[in-house]
Structures are given as structure tokens and as C-alpha cells.
Amino acid sequence: MTGIERIETAGAPAPAGHYSQATVWRDLIWISGQLPKEPSGNPRPGVSFEDQARLALTNLLAIVAAGGGSADTVLKVTAYVVGIENWPAFNRVFAELFRDARPARAVVPVPELHHGYLVEVDGIAVRADRV
Amino acid sequence: MTGIERIETAGAPAPAGHYSQATVWRDLIWISGQLPKEPSGNPRPGVSFEDQARLALTNLLAIVAAGGGSADTVLKVTAYVVGIENWPAFNRVFAELFRDARPARAVVPVPELHHGYLVEVDGIAVRADRV
Amino acid sequence: MTGIERIETAGAPAPAGHYSQATVWRDLIWISGQLPKEPSGNPRPGVSFEDQARLALTNLLAIVAAGGGSADTVLKVTAYVVGIENWPAFNRVFAELFRDARPARAVVPVPELHHGYLVEVDGIAVRADRV
């Protein structure tokens, strides 16, 4: 019993290894790296970068919602992308999903990602009942 | 109205996309990835790694200051660098700017960065009025 | 005097540059990137990825312990790995060391690491006396 809660939601893929979708400690939600898998865990091969970004961010926001937050209460997102030329597409999808919310953000190029995906996102959010 | 504040300071480049320079929640400041741009947003092409590190870290510290912190109240910095052979130069500039402050830090090699830059930094700091 | 504590423990390698092993602010411990060095600071060349993962994570957990936490109070770990094919080995060692604890986690491929190492880990934990 540590007071740390783990998020488990069917709205995002179940963890593929020894970790939780997110941990919650007091007012903060710490979200694990999300890949562009279907919430069922099925891969969606051959989709565009833009669709991958939408799927990964949707998974992240589903976990935030399960932890009691929303796009408006996300403090920071880190996006790991294969190919910095995908920055404009990532930014476009990010704007579409976050609307009026503008969290802190870092976009970090990587040489590859698990299963050949092109984008992974993690982040930190506040529980909505605390803001 | 979420209680989350966004930092906007002319002391660092305006966000190039859908994000804030930093978000502030209670006592913590979450700083977005900072590239070695002039605060005006102008690129400074052809500068050395060392000058790029100084510019990126100066942008980060300007945002920290706008959020009510200082080098002394930075908890953690993550630096994304192209070429780990630049570690000594990064460390030298970091020491120069942080002086007696020794935050937690991770230096993460990346294959490339936006616009051909060689270093990006983000981090977390405490509001000085809270420490 | 900022109220921010720095961790210094002989249970993990001394910082190689201008940073602390970790900073502690109120209930949170911010851990610096840990490489697979011996706590003495000596490199252990030629060890397998699995042994490198064990060493890096053991260093991280020693710092967490020095800050008043434990595997159970780790909120998030980010692992930077050279070669995503090492994911299964990383996950195996992670499970071995974290047991019932399942923090949030992101595994981020990188092109290289300092000194030719294959894995680096950082993270955030809660002080055990606060949970």
C-alpha cells in the first residue's frame, strides 16, 4: 500500500510489459509511452504518420481521462518521432486533439520505434478534480 | 479555467506550434523543448555546438525566470544532443550557466533535431516563491 | 537555500559532470540518467545488454533508496536503449527488479549512448515517508 494508483483502462492498449498505463500520485498522472496501437492492442499496419499520431495521442488522452484528467489538464507531452520531417503533421494532429489546450511539449527524433511505428507519446497531467 | 498557467515571455522564442513555452501547476514549471534559436525566433545558422548549447539553455532559463524560478530551482534538465562527442562541451556550458546549482540531468543522443540544430533542452523547475 | 535537496550516495556512480544524482523537492525525487557503470564509477566493458540493464536500474534504485523511496514508490521510468531488439531483455530485467511494482514507463530508442553503453535510465519517485 503506497498510495500510488495504477490506471487500467480498456480505452487504451493494455501494457505490453512490466509497467502500468499510468500511475497517479496525489494530483499528478504519469502516462507511459503510447504507441499507435488500437485500444484492443491490435497493430494497424500501413497507416500514415498522421493516423499514427492521432492513434497514439488518442490512447494517451484515454488514459488521462481514466485518471481523472482531460486534454485541458495535460501539463507536458513528449513525442518521440521517426523523421523530423513529420513535425508539421504531428503538430497538426496535436492541435486538432488539444484544441484550446496548449501543454508544454518536446518533440524528440529517434532512429526507430518498437514494431516499426513512427511515433510514441508520453506525458504528465493533473487530475481534473484537483485543478 | 483549470488553474494551469501558461508562460509567455519575449525572453525566449515564441512556440513554433501548438504548445506553450511552459505550463505552471502549483509549485512546478514544466518547460517545453528549447532549440538554439534567438529569443526573436530567428535561427542563428552556422554556430558551434557550444554556442547552440548556450542559446538553448539561456532560452530555458528565461522561461524558468518568467515562471518565477531560477537556475537554483531547476529540478531536472533533459538534453537531446546530436553526437555524444558533444557531451564535454554541453557539460562545460551547463556548468557555466548553472554555477552552484546542480539539477538532476539526462543527456540523450538523438539522430537529428529540427532545422538541423545539434541540441534541444527541456526540464522542470520550482517556482521560487514556493521553495 | 532553496529547499531542494541533492542526493549523494556511494550506492551509485558519482556524477560525471555538473549535475546531481537526484534532486528532491517535497515528496518527489528526480533521478538523473543512469548508465551501466559500477557504483564505484568503473566501467564494466563487454557485458551483455541484460547485465547493463540490471546495472543501470540498480543504480537508479540505489538513488531512489537514498532519497527515501523504493521500487514501490517509483512513478515513472524512461529507458533509452540502443537497438529496440533489446526491448524483451530490458522488460525481463525490469520485471525482476520491480517485482510487484509497475511504474509508468517509456522505452525510447537512441542511436548511441555515452561510452558505447546500450542503455540509460532516468525517472521520478515518491519519498516513502510521504506515500
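Values in this document were obtained by computation on a predicted structure and should not be read as measured data.

> Is there a simple way to think about the overall build of chain A in this case?
Broken down by element type, chain A carries 2 helices and 6 strands. When its helices and strands are written in sequence order, chain A yields β-β-β-α-β-α-β-β. Taking the principal axes of the C-alpha coordinates as reference, chain A spans close to 40 × 30 × 20 Å. Out of the 131 residues belonging to chain A, those deemed buried represent 53%. Looking at chain A alone, contacts between residues at least 24 apart form 77% of all its contacts between residues at least 6 apart.

> I keep staring at the pairing of strand β5 (residues 104-109) of chain B and nothing clicks. Help me out?
Across a regular strand the side chains alternate sides, sitting on one face of the sheet and then on the other. All names here are of chain B. β5 sits mainly inside the fold: 6 of its 6 residues count as buried. Of the two faces of β5, the one holding Ala104, Ala106 and Val108 and the one holding Arg105, Val107 and Pro109 are both buried throughout. With helix α2 (residues 87-98) bridging strand β4 (residues 74-81) and its parallel neighbour β5, the resulting β-α-β unit is right-handed.

> So what exactly am I meant to see when it comes to the interface of chain A and chain C here?
In many reports, interface size means the accessible area that the parts give up when they come together. Opposite the 23 residues of chain A that make contact, chain C presents 23 residues. At the level of elements, β2 (22-25), β3 (28-34) and β6 (119-126) of chain A are the ones that each hand at least two residues to the side of chain A that touches chain C. Element by element, the count of residues in the side of chain A that touches chain C is highest for β3(A), at 4 residues.

> Sorry, what's going on with the sheet that holds β3(A) here?
Paired through backbone hydrogen bonds, the strands of a sheet run either parallel or antiparallel to each other. Residue and element names in this part refer to chain A. In spatial order, the strands read β1-β2-β3-β6-β4-β5; together these 6 strands make up an open sheet with mixed pairing. Of all the strands in the sheet, the pair left with one neighbour each is β1 (5-7) and β5 (104-109). With strand direction ignored, the average angle separating the axes of adjacent strands in the sheet is 15°. Most of the contacts of helix α1 (residues 49-66) go to β6, to which it runs at about 25°, and overall it touches β1, β2, β3, β4 (74-81) and β6.

> For this particular structure, what's the right way to read the relation of the copies chain A and chain C?
In this structure, two copies of a chain are linked by a rotation about an axis accompanied by a shift along it. Mapping chain A onto chain C calls for a screw motion: a turn of 120° about the axis and a shift of 0.0 Å along it, with 0.0 Å RMSD after fitting. Taken together, the rotation and translation describe the operation of a three-fold axis.

> Before we go on, may I ask you to explain the environment of C:Val24 in this structure?
All names here are of chain C. Along the polypeptide, Val24 turns up in strand β2 (residues 22-25). Accessibility expressed as a C-beta count within 10 Å gives 23 for Val24, which makes it buried. What Val24 contacts, discounting residues up to four positions off in sequence, is Glu5, Ile7, Ile29, Gly67 and Arg127.

> Any chance you could explain the interface of chain B and chain C here in plain terms?
If you look at the interface, chain B gives 23 residues, while chain C gives 23 residues. Taken together, the elements giving at least two residues each to the side of chain B that touches chain C come down to β4, α2, β5 and β6 (119-126) of chain B. Of all the elements, β5(B) adds the most residues to the side of chain B that touches chain C, at 6 residues.

> It is not clear to me how the relation of the copies chain B and chain C should be interpreted in this structure. Could you clarify?
Each copy of the sequence occupies a distinct position, and chain B is placed on chain C by a rotation of 120° and an axial shift of 0.0 Å, giving an RMSD of 0.0 Å. Comparing interface residues between copies, only 9% of those in chain B also sit at the interface in chain C, which points to a heterologous contact through distinct surfaces.

> Explain helix α2 (residues 87-98) of chain C here, please?
Every α-helix carries 3.6 residues per turn, so stepping three or four residues along brings you back to the same face. Residues and elements named next belong to chain C. If you check α2, its first and last C-alpha atoms are 16 Å apart, about what 12 residues at 1.5 Å a residue would give, namely 16 Å. Taken together, the buried positions of α2 are Ala89, Phe90, Val93 and Phe94. Looking straight down α2, one finds its buried side chains confined to an arc of 135°; they lie on one side. Looking at the buried positions of α2, the neighbouring elements they touch are α1 (49-66), β4 (74-81), β5 (104-109) and β6 (119-126). Of the residues trailing α2, Arg99 is marked for its positive phi of about 50°.

> Please explain the packing of α1(C) against α2(C) as it appears in this structure.
Packed helix pairs are characterised by how far apart their axes lie and by the angle those axes make with each other. Residues and elements named next belong to chain C. Interaxial distance between α1 and α2 falls to 9 Å at its minimum, and their mutual angle equals 40°. In terms of orientation, α1 and α2 fall into the oblique class. When you trace α1 past α2, the crossing you get is right-handed. Residues Phe49, Glu50, Ala53, Arg54, Leu57 and Leu61 of α1 form the contact with α2, whose participating residues are Ala89, Phe90, Val93, Phe94 and Leu97. Residues of the contact of α1 with α2, tallied by class, amount to 9 nonpolar, no polar and 2 charged.

Rules used in this analysis
Residues numbered from 1 in each chain as written. Chains lettered and ligands numbered in written order. Predicted model: local features only at pLDDT ≥ 70, side-chain atom pairs only at ≥ 80, totals over all residues. Helix = DSSP H or I, 4+ residues; strand = E, 2+ residues; numbered from the N terminus. Buried ≥ 20, exposed ≤ 12 C-beta atoms within 10 Å, placed from the backbone. Contact = placed C-beta atoms within 7 Å. Right-handed = clockwise from strand over helix to strand, strands pointing away. Pairing = 2+ DSSP bridges. Axes fitted to C-alpha atoms, helices over the stretch in contact; angles between N-to-C directions. Least-squares fit on C-alpha atoms with pLDDT ≥ 70 in both. Expected span 1.5 Å × (residues − 1). Arc of directions from axis to C-beta. Parallel < 35°, antiparallel > 145°, perpendicular 65-115°, else oblique. Left-handed = near helix turned anticlockwise from the far one by under 90°. Nonpolar A, V, L, I, M, F, W, Y, C, P; charged D, E, K, R; others polar.

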